[in-house]
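Residue strings, one per chain:
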Amino acid sequence: MEDDLLDELNAPNGRRTTRHELLVAALLHLMSQYTVNNADACDRASGDGPCVKLASVIERHLNALARLPDADPVLRATCEQLSVKWAGLVDRGLPAPIKRPLLARILGQGRPSLA
C-alpha cells in the first residue's frame, strides 16, 4: 500500500498532493490502525486496552489540521471537535496517579505501594 501512495505523490499528471491531503490520509491511516489494534486487544484474553500512544498521535494530527489557516473551514471545525474527543479518550486511557496522604508526602514517609 505504501508504494501506491508514493506512486500517487510522484505522479507526473501535474496535480500535486497538498499538505492537507497528506495529513488527512495519514490521519485516516492512524485511525484505522487504532481501530484494528483495539479490536485485536478486545479479542485477546490478556485484557490489554487500546493504545494510548496511538490515540495521542491521532489527537495531535487532528490538532495540526484544525490549526491550518488555509484549510477548509468545515475541515478545521471537524478536526477541532474530533480533537477534543480524542483528547478525552487519551486522558481516560492514562493510568491514574498514585496518591499518598498529604502528611506522608510532607514527611517523605515511604514510597506509595503499588498493591
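Scroll up a little and you will see the structure.
Read on for a plain summary of the structure. (Residues numbered from 1 in each chain as written. Predicted model: local features only at pLDDT ≥ 70, side-chain atom pairs only at ≥ 80, totals over all residues. Heavy atoms only, no water.)

**Focus: the overall build of the protein**
Okay, so step 1: The number of helices and strands found in the protein is 5 helices and 0 strands.
Okay, so step 2: Sequence separation of 24 or more characterises 53% of the internal contacts of the protein that already satisfy a separation of 6 or more.
Okay, so step 3: When the accessible surface of the protein is summed, it comes to about 8,900 Å², and 58% of that surface belongs to carbon and sulfur atoms. (Helix = DSSP H or I, 4+ residues; strand = E, 2+ residues; numbered from the N terminus. Contact = heavy atoms within 4.5 Å. Areas by Shrake-Rupley, 256 points an atom, 1.4 Å probe, with all protein chains shown as cover.)

**Focus on the packing of helix α3 (residues 52–66) against helix α4 (residues 73–93)**
Okay, so step 1: Contact geometry of α3 with α4 gives a least axis separation of 8 Å together with a crossing angle of 155 degrees. As summarised for this structure, α3 and α4 are arranged roughly antiparallel, according to the angle between their axes. Between α3 and α4 lies a crossing of left-handed hand. Facing Val 52, Ala 55, Ser 56, Ile 58, Glu 59, Leu 62, Asn 63, Leu 65 and Ala 66 of α3, the residues of α4 in contact are Leu 75, Arg 76, Cys 79, Glu 80, Leu 82, Ser 83, Trp 86, Ala 87, Leu 89, Val 90 and Gly 93.
Okay, so step 2: In terms of residue class, the contact of α3 with α4 is built from 13 nonpolar, 4 polar and 3 charged. (Axes fitted to C-alpha atoms, helices over the stretch in contact; angles between N-to-C directions. Parallel < 35°, antiparallel > 145°, perpendicular 65-115°, else oblique. Left-handed = near helix turned anticlockwise from the far one by under 90°. Nonpolar A, V, L, I, M, F, W, Y, C, P; charged D, E, K, R; others polar.)

**Focus on a nonpolar patch on the surface**
Okay, so step 1: Among the surface-exposed residues, Leu 102, Leu 103, Ile 106 and Leu 107 lie close enough to one another that they form a single nonpolar patch of about 450 Å² accessible area.
Okay, so step 2: Residue placement: Leu 107 occurs in helix α5 (residues 102–107). (Patch = residues over 30% accessible without salt bridge, like charges linked within 9 Å, V, L, I, M, F, W, Y side chains within 5 Å. Salt bridge = Lys/Arg side-chain N within 4 Å of Asp/Glu carboxyl O.)

**Here we look at the nonpolar core**
Burial of nonpolar side chains together is a common tendency in soluble globular proteins.
Okay, so step 1: Leu 27, Met 31, Tyr 34, Ile 58, Leu 62, Leu 65 and Trp 86 are the most contacted members of the largest nonpolar core, which totals 16 residues.
Okay, so step 2: Secondary structure elements with two or more residues in this core: α2 (19–43), α3 and α4.
Okay, so step 3: In terms of residues, this core owes the most to one element, α3, which gives 6 residues.
Okay, so step 4: When sequence neighbours within four positions are dropped, the list of residues in contact with Leu 27 reads Ile 58, His 61, Leu 62 and Leu 65. (Core = buried A, V, L, I, M, F, W, Y, C linked by side-chain atoms within 4.5 Å. Buried < 20%, exposed > 50% of the residue type's maximum accessible area, 1.4 Å probe, protein only.)

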